[in-house]
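What follows is the residue order along each chain.
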Amino acid sequence: MRRSMLFLPGNTPNIIQNAEILGADAVILDLEDAVAPTEKDSARILVRNAMRYMGFGRCEVIVRINSIDTDFWRKDLDAIIPQRPSLIMPPKTATAEDVKTVDAYISELEEKLGMEKNAVGLIPLIETALGVENAFKIASASKRVKAIFLGGEDLTADLHCKRTKEGNEISYARARMVCAARAAGVEVYDTPFTDVNDDEGIYTDAEYAKSLGFTGKSAISPRHVKAINEVFSPSMKDIDYAYEVMEAIRIGKEQGKGAVALRGKMIDAPIVARAQQTIEMAVELGLGREA
Amino acid sequence: MSKIIRRATAGTLESSDVFVTLEPHDSGVEIELDSVVRNQFGPAILKAVEEVLAECGVNSAKVIVVDRGALDCVIRARVETAVERGKGE
């Protein structure tokens, strides 16, 4: 379950060591934008040691490496892959070739280290107009790609427009990302809401992202984690309905019915799939019960 | 074997971090430690510094460690970074 993903700057020990208590389902240890060029070496070694020796509890660890147009990304992977991160986030991913470049180097490292093939997944960060247009190709470029991630700040710069709280300027990109990810069968995560002092705005922004089909949303401040978790968790009403769907299917099967209806509506395969996802999430959140 | 050929620093003076300065030294390793938790963890900090220097093949250096309550793995990271920055080819 990955509702919230919290960016943490890679060169700040006091923040990284508190990662597991900040409430996010995943943390993104950042070696890219949050680290000054002169401190890339320092952050890389710190993140490597943190992953090796610190506990992150139930929090999933993702590492954002530097982009493939820099001299840093291979060194980042050399240090991080042996620590078996759940996912690597390559930034500024614009084409399927970009994914394949990172994939090939991770494969080399996995083989050298005697690791299981494809042990480490990818969550490409798409933050350019070209990346958005290539979103499906990126999402289906490698078996490693488990999700794609929209970066709204760099994207608006590339689009030559201003980033606003309402986000109209990225609405096309958001919809396109969701469609591309679902077509490729991977998850999709929304850009952070960057006004860290706006405790209302984060709810609106997260609800909008959820309504479009995003799996979850990222944050640059721990203040936004609670709102994101709330919005992307199933409500008790959703959970009750999911159990009703599964019960109706069970009874229908017992009675040998080909088609099953609930509250006057036909229950088809997508409704059952959604009900199963809701129940799985409810169980993980401790809100589930015996079906 | 790595030789420290230039002064190098790593880390910060922020809470939970450590600021490490490494300088060329003629004979052996000399460590100066300033730490808010020196009484409780001084020997452990010195051990971590010495171990990293040994792992990096550094057998002569002056090391100034200003600790702000850093975890062991942070101290090790900062010393390693300072060595990488200060060593010759």
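Cut-offs and rules
Residues numbered from 1 in each chain as written. Chains lettered and ligands numbered in written order. Predicted model: local features only at pLDDT ≥ 70, side-chain atom pairs only at ≥ 80, totals over all residues. Helix = DSSP H or I, 4+ residues; strand = E, 2+ residues; numbered from the N terminus. Buried ≥ 20, exposed ≤ 12 C-beta atoms within 10 Å, placed from the backbone. Contact = placed C-beta atoms within 7 Å. Pairing = 2+ DSSP bridges. Axes fitted to C-alpha atoms, helices over the stretch in contact; angles between N-to-C directions. Right-handed = clockwise from strand over helix to strand, strands pointing away. Nonpolar A, V, L, I, M, F, W, Y, C, P; charged D, E, K, R; others polar. Expected span 1.5 Å × (residues − 1). Domains from an automatic or database assignment.

Draft legend 1. Layout of the overall build of chain B. Broken down by element type, chain B carries two helices and four strands. For chain B, the succession of helices and strands along the chain, N to C, is β-β-β-α-β-α. Structurally, chain B occupies a C-alpha span of about 35 × 20 × 20 Å along its principal axes. Taking all 89 residues of chain B together, 37% fall into the buried category. Look at the contacts in chain B between residues 6 or more apart in sequence, and 77% of them connect residues 24 or more apart.

Draft legend 2. Representation of the sheet that holds strand β4 (residues 87-89) of chain A within the structure. Residues and elements named next belong to chain A. Pairing within the open sheet is parallel, and its nine strands lie in the order β5-β4-β3-β2-β1-β9-β8-β7-β6. Each edge of the open sheet carries a strand with a single partner, namely β5 (121-122) and β6 (125-126). Across three bridges, the pairing between strand β3 (residues 60-64) and β4 is parallel. Note on β4: the bridge partner recorded for arginine 64 is methionine 89. Sitting on the sheet, helix α10 (residues 225-232) is in contact with β1 (4-9) and β9 (216-219), with an inclination near 180° to β9.

Draft legend 3. Main features of the pairing of strand β4 (residues 61-67) of chain B. Residue and element names in this part refer to chain B. Burial along β4 is one-sided: the face carrying Ala61, Val63, Val65 and Asp67 is buried and the face carrying Lys62, Ile64 and Val66 is not. As judged from the six bridges shared by strand β2 (residues 18-23) and β4, these two strands associate in the antiparallel manner. Note on β4: the bridge partner recorded for valine 18 is aspartate 67. In this sheet, β4 lies alongside strand β3 (residues 29-35) in parallel orientation, the contact comprising seven bridges. Looking at the pairing, isoleucine 31 lines up with valine 63 of β4. Handedness of the crossover joining β3 and β4 through helix α1 (residues 38-55): left-handed.

Draft legend 4. Structural detail: the interface of chain A and chain B. Each partner contributes to the interface: chain A provides 12 residues, whereas chain B provides 14 residues. Of all the elements in the fold, those that place two or more residues in the side of chain A that touches chain B are α1 (13-16) and α2 (40-53) of chain A. Sorting elements by how many residues they give to the side of chain A that touches chain B places α2 of chain A first, with eight residues. Each residue belonging to the side of chain A that touches chain B can be placed in one class, and the counts come to six nonpolar, four polar and two charged.

Draft legend 5. Structural view of α2 of chain A. A rise of 1.5 Å per residue sets the reference length of α2 of chain A, with its 14 residues, at 20 Å; its end C-alpha atoms lie 20 Å apart and thus fit the reference within 8%. Among the structural elements, α1, β2 (26-30), β3 and α3 (73-80) of chain A together with β1 (8-11) and α2 (72-86) of chain B are those in contact with the buried residues of α2 of chain A.

Draft legend 6. Unusual backbone geometry, seen in detail. All names here are of chain A. The phi dihedral of asparagine 118 is positive, around 60°, even though this residue is not glycine. Within the element layout of this structure, asparagine 118 appears in the loop between α4 (96-113) and β5. Residue histidine 160 is not a glycine yet carries a positive backbone phi of 60°. Structurally, the position occupied by histidine 160 is in the loop between α7 (152-158) and α8 (171-184). According to the C-beta neighbour criterion, histidine 160 is exposed, with 8 such atoms within 10 Å.

Draft legend 7. The domain arrangement of chain A, seen in detail. By domain assignment, chain A separates into domain 1 (4-232) and domain 2 (236-284). Averaged C-alpha coordinates put domain 1 of chain A and domain 2 of chain A at centres separated by 33 Å.

Draft legend 8. Broad picture of the sheet that holds β1 of chain B. Residues and elements named next belong to chain B. Strands sit in the order β1-β2-β4-β3 across an open sheet of four strands; the sheet is mixed. The strands lining the two open edges of the sheet, one partner per strand, are β1 and β3. Direction aside, neighbouring strands of the sheet carry axes that sit 10° apart on average.

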